[in-house]
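What follows is the residue order along each chain.
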Amino acid sequence: MKLRFAPSPTGYLHVGNARLAVANFLFARHNGAKFLLRIDDTDTSRGKPEYEEAIGKDLSWLGLKWDEYVRQSERLDRYAEVIEKLKASGRLYPCFETEYELNAKREARIRAGKAPIYDRAMLKLTADQRARAEANGKTPHWRFRLSDGSRKWQDLVMDECSVKLTAISDPVLVRGDGTILYTLASVIDDLDLGITHIVRGEDHVTNTGVQIDIAEALGAKPNRFTFAHLPLLLDSDGGKLSKRFDSLALKSLRQDGLEPMSIVSYLARVGSSDDPQVMTMDEAIAAYDISHVSKSAARFDMTQLLALNRRALHSLPFEAAKAHLPPEADETFWNAVRGNVDLSAEIPHWWDVVHGTIVPPSQPEDREFLQQALDTLPAEPWGEDTWKDWTNTLKEASGRKGRTLFMPLRLALTGEDAGPELHVLLGLMGRERTVSRLRDAIQA
């Protein structure tokens, strides 16, 4: 058993194709299968090395480790060999129509009430007509002659699927410049590299019928592949997620401070009958069941992902959190702030609150109270009871209690109206910084 994830290096990975990577990886590992990363880089006009590098970086960051790595650009000789075989068998035939001519044909069929599919006119081309076309400088593109009838398969998600080949245009598999298209290259790779299971989006269902026909034309046995087509991801409003891909690129989510396992945990469960929950990679692998994926479109909910990320960070032990912390941070600091961190990108802010500088808000109505707080601040050394002793003394001196007592202190000491427990922060800040903060607040 062997699966593959096959992105094109024409952009950064986003949550849509990351979901497919997660599904392939977890399904493979759950079944003890191999996982192949294939870079579909035959589109040299749009593909860039930096995108390929970013894909590897993003997958590694998520923890999706591949067993094999293949670039389609390194298999061009193999593709050329298969193309010649298909030409010789008559399944690939040359077509000389221009884009303008094809559009005109399509519009004419629509006006006549016919399906806008290719009419196979070039199958009737004689050798003499082809020679004249080539003598006039025309270069053909090559179409694959589809079989009659349908192609059916039992899908792991969609159940029984069927594609009527006679309702589809013969696909162009080789461009006029000789470059191969994905539809053919992917079939050759899947056959040559021993892929057994293909997990991809439901937008490939029609393409799957075509590719089964191509595979059988290349000698593959019926049902050579097992397919699973995952419904597409929609945004929280039910619209196409593609409109928001830039903001949902893995690169952006990483920079925003999301945990990789929060993303993997969410994408493993979104659109399934299983409730999302924070998992380790081993737990995600053990629990993954592709039969639980719904046939209906799934909605990507950033609020739900952020809630998972919050839970993941709040439960993160110090040793695992070190990668997010300043080098000087200790376990006491992490235990103090982690309950108030939703994204790892927020951690530097709390480090500044404890050890750096803040700009306290102006509290003119509480200036006298803050002066009382400064005057009653206990001397060093400080201990576990310092905060309690200080606030009890301040309560008696000011007559304040509850929010009117604690909120001015929180604003003065942290610049925030919410956050970690002040009795812990006070010990981390120390008396000198506390005095400085109170003075700044009084003068603000």
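It should be emphasised that the depicted structure is a prediction, and the values quoted were computed from it without experimental measurement.

Take the sheet that holds strand β3 (residues 68-71) next. The strand order across the open sheet formed by three strands is β1-β2-β3, and the pairing between neighbours is parallel. The outermost strands of the open sheet, each flanked by one partner alone, are β1 (2-5) and β3. Taken over all neighbouring pairs, the strand axes of this sheet differ in orientation by 25 degrees on average, direction set aside. Bridge analysis of β1 against strand β2 (residues 34-39) gives four bridges, and the strand direction is parallel. From the neighbouring strand, K2 faces β2, where its bridge partner is K34. Taken strand by strand, helix α2 (residues 49-62) contacts β1, β2 and β3, and its axis lies near 155 degrees from that of β2.

Right, let's talk about the nonpolar core for a bit. In this structure, L26, L267, I290 and F300 are the most contacted members of the largest nonpolar core, which totals 49 residues. Ranked by the residues each element gives to this core, the list is headed by helix α1 (residues 15-30), at ten residues. Not counting residues up to four positions away in its chain, the partners in contact with I290 are F27, L156, V157, V199, A228 and L230. Among the nonpolar cores identified, the runner-up in size contains 38 residues, and L313, W334, W390 and L394 belong to it.

Strands sit in the order β4-β5-β8 across an open sheet of three strands; the sheet is antiparallel. Pairing within the sheet leaves two strands with one partner each, and these edge strands are β4 (92-95) and β8 (172-174). In this sheet, neighbouring strand axes are inclined to one another by 45 degrees on average, regardless of whether the strands run parallel or antiparallel. In this sheet, strand β5 (residues 141-144) lies alongside β4 in antiparallel orientation, the contact comprising four bridges. Of the residues in β5, the one forming a bridge with Y93 is R143. Its contacts with the sheet put helix α3 (residues 76-89) on β4, β5 and β8, and the angle it makes with β4 is roughly 85 degrees.

Okay, the side chain of R410 next. Mapped onto the secondary structure, R410 falls in helix α17 (residues 403-414). The buried charged residue R410 lacks any salt bridge partner; its closest oppositely charged side chain belongs to E421, at an N-O distance of 5.5 Å. At 3.0 Å, the side chain of R410 and the backbone oxygen of P420 are in polar contact. If we ignore the near neighbours within four places in the chain, the residues touching R410 are G415, E416, D417, A418, G419, P420, E421 and L422.

A few words on the packing of helix α16 (residues 386-398) against helix α18 (residues 422-443). Between α16 and α18, the least distance of the axes is 9 Å, while the angle of their chain directions is 60 degrees. Taken as axis vectors, α16 and α18 run oblique relative to one another. Taken together, the residues of α18 that come into contact with α16 (itself represented by T386, W387 and W390) are L422, H423, L426 and L438. Classifying every residue of the contact of α16 with α18 gives five nonpolar, two polar and no charged.

This next bit is on the UniProt feature "short sequence motif: 'HIGH' region" (unreviewed entry) in the protein chain. The positions UniProt marks with the feature "short sequence motif: 'HIGH' region" (unreviewed entry) are residues 7-17. Along residues 7-17, the helical share is 27% and the strand share 0%, with 8 Å between the first and last C-alpha atoms.

Locating G399 in the fold gives a position in the loop between α16 and α17. Here G399 falls in the exposed class, since its relative accessible area comes to 63%. Between the C-alpha atoms of G399 and F369, which are 30 residues apart in sequence, the distance is 9.9 Å.

With that out of the way, let us pick up the pairing of strand β9 (residues 197-201). Within β9, five of the five residues are buried, which leaves the element mostly enclosed by the surrounding structure. As defined by bridge partners, β9 adjoins strand β10 (residues 226-230) across five bridges and the pair is classed as parallel. Across the sheet, the residue bridging to R200 is H229, located in β10. With respect to chirality, the unit in which β9 leads through helix α7 (residues 205-217) into the neighbouring parallel β10 is right-handed.

On inspection of all chains with the given rule, the structure shows nine aromatic pairs. Centroid distance W66 to Y69: 5.8 Å. Interplanar angle 50 degrees. Geometry classified as tilted. Residue classification places W66 among the partly exposed positions, given a relative accessible area of 27%. For the pair Y266 and F300, a centre-to-centre distance of 5.4 Å together with 85 degrees between the ring planes defines the contact as edge-to-face. Of this pair, Y266 sits in helix α9 (residues 260-269) while F300 is found in the loop between β12 (298-299) and α11 (302-314), placing the two residues 34 residues apart along the sequence.

Calculation notes
- Residues numbered from 1 in each chain as written.
- Predicted model: local features only at pLDDT ≥ 70, side-chain atom pairs only at ≥ 80, totals over all residues.
- Heavy atoms only, no water.
- Pairing = 2+ DSSP bridges.
- Helix = DSSP H or I, 4+ residues; strand = E, 2+ residues; numbered from the N terminus.
- Axes fitted to C-alpha atoms, helices over the stretch in contact; angles between N-to-C directions.
- Contact = heavy atoms within 4.5 Å.
- Core = buried A, V, L, I, M, F, W, Y, C linked by side-chain atoms within 4.5 Å.
- Buried < 20%, exposed > 50% of the residue type's maximum accessible area, 1.4 Å probe, protein only.
- Lys, Arg positive; Asp, Glu negative; His and termini not counted.
- Salt bridge = Lys/Arg side-chain N within 4 Å of Asp/Glu carboxyl O.
- Polar contact = N/O pair within 3.5 Å; in protein donor to acceptor, adjacent residues only side chain to side chain.
- Parallel < 35°, antiparallel > 145°, perpendicular 65-115°, else oblique.
- Nonpolar A, V, L, I, M, F, W, Y, C, P; charged D, E, K, R; others polar.
- UniProt positions renumbered as here; feature names shortened; annotations may be inferred.
- Right-handed = clockwise from strand over helix to strand, strands pointing away.
- Phe/Tyr/Trp six-rings, centres within 6.5 Å; stacked < 30°, edge-to-face > 60°.

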